[in-house]
Amino acid sequence: MKILAKIEETLIGILLLVATIVLFANVVLRTFNHSTVWAEEFIRYAMIWITFIGSAICFRKNIHFGVDVILRIPSKLFVKVIKCLIIILSGLFSFYVLRYGIQLTLFAKEMGQIAPASQIQLYLIYMVLPIGAALSIIYLVRNLIYTIKDIEINPPEEIQEEK
């Protein structure tokens, strides 16, 4: 899992860096009336990849945004049930994205769809849907097991340092 986490975070970092550089270069080029046609398209696709891989990273770290008013109820059993329900619903949604992401990716590959400006095969862009969903499902299954066993998913740093 640590290797997978390193790959995800490295990919996100590289995509953010390259998208920032391309965006900056394109802004500078626009001041001289020489903007590139493919830059906006590349940045859009990079942000899509960052979003879906980033979503899986948030499930891994258990840091998705949420309203935790219900989780402040004193009953530990109730809180555990609600957390499990949230994880299961998130898993069902991720499964839906995985299923239709695979169909969309295969359709784009069969049709030979390409991006208009960059001429990138669109199935390469759409692949992030099943990849991000599969990663999310992996982490959600882990989170469900940890929640059922009362294992803290993302322990505070002082606990991590002791190990």
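Participant: Sorry, what's going on with the overall build of the chain here?
Facilitator: Counting secondary structure elements, the chain contains six helices and zero strands. Secondary structure elements of the chain occur, N-terminal to C-terminal, as α-α-α-α-α-α. Projected onto its principal axes, the C-alpha coordinates of the chain cover approximately 60 × 40 × 30 Å. For the chain, the proportion of its 163 residues judged to be buried stands at 30%. Accessible surface, the chain: about 11,200 Å² in total, of which carbon and sulfur atoms supply 70%. Side-chain charges of the chain comprise 15 positive and 12 negative groups, with the mean position of each set lying 5 Å from the other.

Participant: Explain the nonpolar core here, please?
Facilitator: Proteins that are soluble and globular tend to have nonpolar side chains buried together. Counting residues in each nonpolar core, the largest one holds 15 residues, and the members touching the most others are Ile12, Leu15, Trp49, Ile53, Leu135 and Tyr139. When contributions to this core are tallied by element, the ones reaching two or more residues are helix H1 (2–31), helix H2 (38–61) and helix H5 (128–148). Of all the elements, H2 adds the most residues to this core, at seven residues. Setting aside anything within four residues of it in sequence, one finds Leu15 in contact with Ala46, Trp49 and Ile50.

Participant: Sorry if this is basic, but what is going on with the packing of aromatic side chains here?
Facilitator: Any pair of aromatic rings gets described here by the distance separating the centres and the angle formed by the planes. Inspection of every chain in the model, using the stated rule, returns two aromatic pairs. Geometrically, the ring pair formed by Trp38 and Phe42 is edge-to-face, given 6.4 Å between the ring centres and 75 degrees between the ring planes. Note that Trp38 and Phe42 are positioned in helix H2 at a spacing of four residues, about one turn of the helix. Considering the side-chain rings of Tyr96 and Tyr100, the 4.7 Å spacing of their centres and the 55 degrees angle between planes classify their relative orientation as tilted. With a gap of four residues between them, Tyr96 and Tyr100 both fall in helix H3 (residues 76–111), about one helical turn apart. Owing to a relative accessible area of 35%, Tyr100 belongs among the partly exposed residues under this scheme. Its end group placed over the ring of Tyr123, Lys109 keeps NZ or CZ at 4.4 Å from the ring centre.

Participant: Looking at this model, I keep getting lost on the confidence of the model for the chain. Mind explaining?
Facilitator: Regions with low pLDDT carry predicted coordinates that are not meant to be interpreted in detail. Confidence in the prediction for the chain averages 89 pLDDT; 94% of positions are at 70 or higher. Here helix H6 (residues 157–162) stands out as the element of the chain with the lowest mean pLDDT, 45, in contrast to H5, whose mean of 96 is the highest. Under a pLDDT of 50 for its full length, residues 158–163 has, in the predicted model, three contacts with residues more than four places off or in other chains.

Participant: Even after reading the chapter, I still don't get a nonpolar patch on the surface, so can you show me in this structure?
Facilitator: The grouping of Ile14, Leu17, Val18 and Ile21 at the surface amounts to a nonpolar patch, some 350 Å² of accessible area in total. Relative to the assigned elements, Val18 resides in helix H1.

Participant: I tried to follow the packing of H3 against H5 on my own but got confused; where do I start?
Facilitator: Two packed helices can be described by the angle between their axes and the distance between those axes. Viewed as axis vectors pointing N to C, H3 and H5 meet at an angle of 160 degrees, and their least axial separation amounts to 8 Å. By the angle between their directions, the pair H3 and H5 is classed as roughly antiparallel. Handedness of the H3/H5 crossing: left-handed. Residues belonging to the contact of H3 with H5 are distributed by class as follows: 16 nonpolar, eight polar and two charged.

What counts and what doesn't
- Residues numbered from 1 in each chain as written.
- Predicted model: local features only at pLDDT ≥ 70, side-chain atom pairs only at ≥ 80, totals over all residues.
- Heavy atoms only, no water.
- Helix = DSSP H or I, 4+ residues; strand = E, 2+ residues; numbered from the N terminus.
- Buried < 20%, exposed > 50% of the residue type's maximum accessible area, 1.4 Å probe, protein only.
- Areas by Shrake-Rupley, 256 points an atom, 1.4 Å probe, with all protein chains shown as cover.
- Lys, Arg positive; Asp, Glu negative; His and termini not counted.
- Charge placed at Lys NZ, Arg CZ, Asp CG, Glu CD.
- Core = buried A, V, L, I, M, F, W, Y, C linked by side-chain atoms within 4.5 Å.
- Contact = heavy atoms within 4.5 Å.
- Phe/Tyr/Trp six-rings, centres within 6.5 Å; stacked < 30°, edge-to-face > 60°.
- Lys NZ or Arg CZ within 6 Å of the ring centre and 35° of its normal.
- pLDDT = per-residue confidence, 0-100.
- Patch = residues over 30% accessible without salt bridge, like charges linked within 9 Å, V, L, I, M, F, W, Y side chains within 5 Å.
- Salt bridge = Lys/Arg side-chain N within 4 Å of Asp/Glu carboxyl O.
- Axes fitted to C-alpha atoms, helices over the stretch in contact; angles between N-to-C directions.
- Parallel < 35°, antiparallel > 145°, perpendicular 65-115°, else oblique.
- Left-handed = near helix turned anticlockwise from the far one by under 90°.
- Nonpolar A, V, L, I, M, F, W, Y, C, P; charged D, E, K, R; others polar.

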